[in-house]
Amino acid sequence: MKDDEILYLVEQMSEKKYFYQEESKCYTNEGSPSDTAYEKVRHFRDANMLPRLNTLLDKVKQAEQKQHLYFMIGTIGENSGDVRAGMLLLEKLEQETKPSLLESILEEIAKQRCIHNTERIVKYIDDSRSSVREAAIQALRVCRDEIAEDALIRLITTSNNSFDIMSANFVLATIGTERAISYLIPLLDHSRGDVRHSALAALSELGNGLDLSIFLHGLKDRSSNVREYALVAIERHGDEVAIEPVIKRVQILLKRTRQIQTDEVLIALRFLHRYQHSHQAIPKLFHWIIQTKREVLFDEEWQWIEDHFTFY
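It should be emphasised that the depicted structure is a prediction, and the values quoted were computed from it without experimental measurement. (Residues numbered from 1 in each chain as written. Predicted model: local features only at pLDDT ≥ 70, side-chain atom pairs only at ≥ 80, totals over all residues. Heavy atoms only, no water.)

Details of the overall build of the protein
For step 1, the next point in the chain: Broken down by element type, the protein carries 18 helices and 2 strands.
For step 2, the next point in the chain: Each of the three principal axes of the protein carries a C-alpha extent, and together these read 75 × 50 × 30 Å.
For step 3, the next point in the chain: The burial tally for the protein puts 49% of its 312 residues in the buried class.
For step 4, the next point in the chain: About 16,200 Å² of surface is accessible on the protein, with carbon and sulfur atoms providing 48% of the total.
For step 5, the next point in the chain: On the protein, the mean spot of the 40 positive side-chain charges and the mean spot of the 49 negative ones are 2 Å from each other. (Helix = DSSP H or I, 4+ residues; strand = E, 2+ residues; numbered from the N terminus. Buried < 20%, exposed > 50% of the residue type's maximum accessible area, 1.4 Å probe, protein only. Areas by Shrake-Rupley, 256 points an atom, 1.4 Å probe, with all protein chains shown as cover. Lys, Arg positive; Asp, Glu negative; His and termini not counted. Charge placed at Lys NZ, Arg CZ, Asp CG, Glu CD.)

Here you go:
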């Protein structure tokens, strides 16, 4: 693809037009010049384009044009796995100063398969601008080394920003090791539910050898998100010790009609199903559900019971 063809695509990517769709009764950009251009770029994978994209970045002046070029570079790296795309993005990260461009580069870095030069990203998790910090935290998801983990551990132990801590916890769930566990556990007592549930999610991923009581304690949390993540962890790591607390949780959930459907009941049922033949309390629970609680179950939950307990 020639330079003028690339620049034409860049121009098209900026042409955002919306059309009213009668069928869905809403406006959509589907079929617009921007939508068509983005769809074409999403198929880019030729790493030989990278030098030309780099040259064009030095020529264009508008931030939006640069953002589109960064999107092309990131997409090539994502589709091809060529490390040169990530290296180019890191190089540009050192050169840009505008927040919108830093965010764009970091977002494209986060699409790469692996980044080895973590130091260039780490400094941005302390940036004064929240959107840049968030993009940097997410970019560390592809930096699987001690530097990235240490930076995230430092953040969750020193930051006063609950959103930053929550984001870092979820990234630690992906790249963290057992080293992070002792720093995550204190966050289960954090005042914000989003921090507690993200810490619990990370512990579920990292804590194969954790005391089950940590997850059982989460079933009593005041946050519904924490309780649901606790059940996820119990399904993954729990044993027979968790049977009675999980049964109690199901009884509480089905006490009355629920306005919002979550996965809690299904998660609990899957866990209990594992022990149905060794604990009498479990068949009794299912009998109680089938006989008296059909009206408070969502269709997906009832279907699961029919599929797994047809002998009733």
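Concerning the pattern of salt bridges
For step 1, the next point in the chain: All chains considered together, the criterion is met by 20 salt bridges.
For step 2, the next point in the chain: For Asp194, the salt bridge identified is with Arg192, shortest N-O distance 3.7 Å.
For step 3, the next point in the chain: Judged by its relative accessible area of 18%, Asp194 is buried.
For step 4, the next point in the chain: Given the relative accessible area of 43%, Arg192 is considered partly exposed.
For step 5, the next point in the chain: Here the salt bridges do not stand alone but share partners, grouping Glu78, Glu108 and Lys111 into one network. (Salt bridge = Lys/Arg side-chain N within 4 Å of Asp/Glu carboxyl O.)

Examining the packing of helix α1 (residues 3-13) against helix α4 (residues 63-80)
For step 1, the next point in the chain: The interhelical angle for the contact between α1 and α4, taken along N-to-C directions, is 115°, at an axis separation of 9 Å. When the axes of α1 and α4 are compared, the pair comes out roughly perpendicular. In this structure, the crossing between α1 and α4 has a hand that is right-handed. Between α1 and α4, the residues in contact are Ile6, Leu9, Val10 and Met13 and Gln65, His68, Leu69, Phe71 and Met72, respectively.
For step 2, the next point in the chain: Of the residues that constitute the contact of α1 with α4, the class distribution is 7 nonpolar, 2 polar and no charged. (Axes fitted to C-alpha atoms, helices over the stretch in contact; angles between N-to-C directions. Parallel < 35°, antiparallel > 145°, perpendicular 65-115°, else oblique. Left-handed = near helix turned anticlockwise from the far one by under 90°. Contact = heavy atoms within 4.5 Å. Nonpolar A, V, L, I, M, F, W, Y, C, P; charged D, E, K, R; others polar.)

Quick notes on the environment of Leu140
For step 1, the next point in the chain: Here Leu140 shows up in the loop between α8 (130-139) and α9 (146-158).
For step 2, the next point in the chain: On the basis of relative accessibility, which here comes to 0%, the residue Leu140 falls in the buried class.
For step 3, the next point in the chain: Considered as a pair, Leu140 and Trp288 are 148 residues apart in the sequence and their alpha carbons are 48 Å apart.
For step 4, the next point in the chain: Apart from residues lying up to four places away in sequence, Leu140 is in contact with Thr118, Ile121, Val122, Ile125, Ala148, Leu152, Val171 and Ile175.

Observations regarding helix α10 (residues 162-175)
For step 1, the next point in the chain: Spanning 14 residues, α10 covers 20 Å between terminal C-alpha atoms, matching the ideal 20 Å at 1.5 Å per step.
For step 2, the next point in the chain: Taking burial as the measure, the 14 residues of α10 include 11 buried ones, the bulk of the element.
For step 3, the next point in the chain: Within α10 the residues assigned to the buried category are Ser162, Asp164, Ile165, Met166, Ser167, Ala168, Asn169, Val171, Leu172, Ala173 and Ile175.
For step 4, the next point in the chain: Among the structural elements, α8, α9, α11 (181-184) and α12 (193-206) are those in contact with the buried residues of α10.
For step 5, the next point in the chain: Capping the start of α10 is the job of one residue whose side-chain oxygen sits 3.0 Å from the backbone nitrogen of Phe163: Asn161. (Expected span 1.5 Å × (residues − 1). Polar contact = N/O pair within 3.5 Å; in protein donor to acceptor, adjacent residues only side chain to side chain.)

A look at the environment of Ile115
For step 1, the next point in the chain: One can find Ile115 in the loop between α6 (99-109) and α7 (119-122).
For step 2, the next point in the chain: When the C-alpha atoms of Ile115 and Ile234 are compared, they prove to be 33 Å apart, with 119 residues separating the residues in sequence.
For step 3, the next point in the chain: Ignoring any residue separated from it by four or fewer positions in sequence, one finds Ile115 in contact with Gly86, Leu90, Ile109, Ile121, Val142 and Cys143.

Regarding the packing of aromatic side chains
For step 1, the next point in the chain: Under the defined criterion, the tally for this structure stands at 4 aromatic pairs.
For step 2, the next point in the chain: Look at Tyr38 and Phe71: their rings are 5.1 Å apart centre to centre, the planes differ by 70°, and that puts the pair in the edge-to-face class. In this pair, Tyr38 sits in helix α2 (residues 33-41) while Phe71 sits in helix α4, placing the two residues 33 residues apart along the sequence.
For step 3, the next point in the chain: Between Phe170 and Tyr229 the ring centres are 6.3 Å apart and the planes differ by 50°, which places this aromatic pair in the tilted class. Highlighted residues: Phe170 in helix α10 and Tyr229 in helix α14 (residues 224-237), separated in sequence by 59 residues.
For step 4, the next point in the chain: Owing to a relative accessible area of 26%, Phe170 belongs among the partly exposed residues under this scheme.
For step 5, the next point in the chain: Judged by relative accessible area, which is 28%, Tyr229 ranks as partly exposed. (Phe/Tyr/Trp six-rings, centres within 6.5 Å; stacked < 30°, edge-to-face > 60°.)

Observations concerning the packing of α1 against α2
For step 1, the next point in the chain: Two elements in contact, α1 and α2, have axes separated by 7 Å at closest approach and are oriented at 130°. Between α1 and α2, the angle is such that the two are oblique. As for how α1 packs across α2, the hand of that crossing is left-handed. Where α1 approaches α2, its residues Leu9, Gln12 and Met13 are matched on the opposing element by Pro33, Ser34, Ala37, Tyr38, Lys40 and Val41.

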